Amino acid sequence: MAEIVTLTVNRLYRTAACDPAGGPTGKKQSGRSRASICVLGEDELERMVILYTFAKRIAPDELITLIFQAQERWKPAVFGIDASGPQLIFYQQLLKEARERGVKWNPRPIALAQDKTDSIEKTIQPIAAAGRLIRPPDKECYALADEMRQFPSGTYRDALDALAMAIRLMPSVLPQHLRMLNEQQLRSYLTRSGFTKDMIESRIQQREQFR
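About the thresholds
Residues numbered from 1 in each chain as written. Predicted model: local features only at pLDDT ≥ 70, side-chain atom pairs only at ≥ 80, totals over all residues. Heavy atoms only, no water. Helix = DSSP H or I, 4+ residues; strand = E, 2+ residues; numbered from the N terminus. Buried < 20%, exposed > 50% of the residue type's maximum accessible area, 1.4 Å probe, protein only. Contact = heavy atoms within 4.5 Å. Areas by Shrake-Rupley, 256 points an atom, 1.4 Å probe, with all protein chains shown as cover. Core = buried A, V, L, I, M, F, W, Y, C linked by side-chain atoms within 4.5 Å. Salt bridge = Lys/Arg side-chain N within 4 Å of Asp/Glu carboxyl O. Expected span 1.5 Å × (residues − 1). Axes fitted to C-alpha atoms, helices over the stretch in contact; angles between N-to-C directions. Parallel < 35°, antiparallel > 145°, perpendicular 65-115°, else oblique. Left-handed = near helix turned anticlockwise from the far one by under 90°. Nonpolar A, V, L, I, M, F, W, Y, C, P; charged D, E, K, R; others polar. Pairing = 2+ DSSP bridges.

Enquirer: Help me get a handle on the overall build of the protein, residues and values and all.
Expert: On a plain count of helices and strands, the protein comes out with 8 helices and 6 strands. Tracing the protein from N to C terminus, the helices and strands come up as β-β-β-α-β-α-β-α-β-α-α-α-α-α. Out of the 211 residues in the protein, the part that is buried amounts to 45%. By sequence separation, contacts in the protein at least 24 residues apart represent 69% of the contacts at least 6 residues apart. Summing over all exposed atoms, the protein offers an accessible surface of approximately 11,700 Å²; the carbon and sulfur share of this is 50%.

Enquirer: Report on the nonpolar core, specifying residues and quantitative values.
Expert: Grouped together as the largest cluster of nonpolar side chains are 27 residues, with contacts concentrated most on Leu40, Ile124, Leu133 and Leu163. Counting residues per element, the ones that place at least two in this core are β1 (13-19), β2 (35-42), β3 (48-56), α3 (116-129), α4 (142-150) and α5 (158-168). Within the second largest apolar cluster, 26 residues are counted, among which are Ala70, Ala83, Leu94 and Ile134.

Enquirer: Describe the pattern of salt bridges, naming the residues involved and giving the relevant values.
Expert: What the rule picks out here adds up to 7 salt bridges. A salt bridge links Arg132 to Glu42; its shortest N-O distance comes to 3.6 Å. Pair noted here: Arg132 is in the loop between α3 and β6 (133-134) and Glu42 is in strand β2, with a separation of 90 residues, a long-range link. Take Arg132: its relative accessible area is 22%, and that puts it in the partly exposed class. Exposure remark for Glu42: the relative accessible area of 1% places this residue in the buried category. When the shortest N-O distance is used, the salt bridge between Lys96 and Glu100 registers 2.6 Å. Of the two residues, Lys96 and Glu100 both sit in helix α2 (residues 87-101), 4 residues apart, roughly one turn of that helix.

Enquirer: Outline unusual backbone geometry, supporting the account with residue identities and numerical values.
Expert: The backbone of Lys75 sits at a positive phi, close to 50 degrees, despite the residue not being glycine. Take Lys75: it is sitting in the loop between α1 (60-74) and β4 (78-82).

Enquirer: Give a description of α1 that names residues and reports values.
Expert: Counted at 1.5 Å a residue, the expected span for α1 with its 15 residues is 21 Å, and the 21 Å between its end C-alpha atoms agrees. Those residues of α1 that sit buried are Pro60, Leu63, Ile64, Leu66, Ile67, Phe68, Ala70, Gln71 and Trp74. In this structure, the buried side of α1 is in contact with β1, β2, β3, β4 and α2. Within two residues after α1, Lys75 carries a phi angle of roughly 50 degrees, on the positive side.

Enquirer: Tell me what's going on with the environment of Asp19, and back it up with residues and numbers.
Expert: Along the polypeptide, Asp19 turns up in strand β1. Residues Asp19 and Asp161, spaced 142 residues apart in sequence, show a C-alpha to C-alpha distance of 7.4 Å. Beyond its immediate sequence surroundings of up to four residues, Asp19 is in contact with Arg34, Ala35, Ser36, Asp82, Gln87, Leu112, Lys116, Asp161 and Met165.

Enquirer: Could you give an account of the packing of α1 against α2, with specific residues and numbers?
Expert: Two elements in contact, α1 and α2, have axes whose closest approach is 11 Å; the angle formed by their N-to-C orientations is 55 degrees. When the axis of α1 is compared with that of α2, the two are oblique. The hand of the α1/α2 crossing is right-handed. On α2, the residues that touch Pro60, Leu63, Ile64, Thr65, Ile67 and Phe68 of α1 are Phe90, Gln93, Leu94, Glu97, Ala98 and Arg101. Within the contact of α1 with α2, the residues separate by chemical class into 8 nonpolar, 2 polar and 2 charged.

Enquirer: Any chance you could break down the pairing of β1 for me, citing the residues and the numbers?
Expert: Counted residue by residue, β1 has 7 buried out of 7 residues, so it is predominantly covered. Residues Tyr13, Thr15, Ala17 and Asp19 point to one face of β1 and Arg14, Ala16 and Cys18 to the other, with burial holding for every one of them. One ladder, built from 7 bridges, connects β1 with β2; its direction is antiparallel. Pairing of Asp19 across the sheet is with Ser36, part of β2. As paired elements, β1 and β4 share 4 bridges and run parallel to each other. The partner of Ala17 across the bridge, within β4, is Gly80.

Structure, rendered in structure tokens:
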């Protein structure tokens, strides 16, 4: 029987990511490329929960609206956007739209690796194998579930790509330069970064392990 996990969303450290796929030109995207969004939450046990996933060929203006809706609903600490190659134009348009609409968020441009298959495998597989990746029922994330079943031979991997980006935006084990901060400085830094109280305590404990 599958484990039933109950989580409170506002206690999760949340990240989001988007691969625009087709860019802002309005031209028809290729059959192997879809726009994708993923919102991910991590709890104090470092379990990662897929809160929202989307993958579909869609007009750029509609995608921008979905990005802002995801930001408003889930309030991720950071929202990564693929800004490599031609996607940089979309990212610039997105920033312009955000300023005009008064969107409060923390966007981050990301240059994606050329070999997406390798990137997806190295990012998602270890988390899933450790039992740390939790996703909704298939009917709530059918595009992602389908890509997972068919990877790496499937036609699409856009939802997986967005998931991998969101995972890479998660804070990892406390880096050395943060270990050097005293407890008060570290608490202040983590609070500004959007960490929950539980995750702050977890990172404080990590700091103590290296003292």
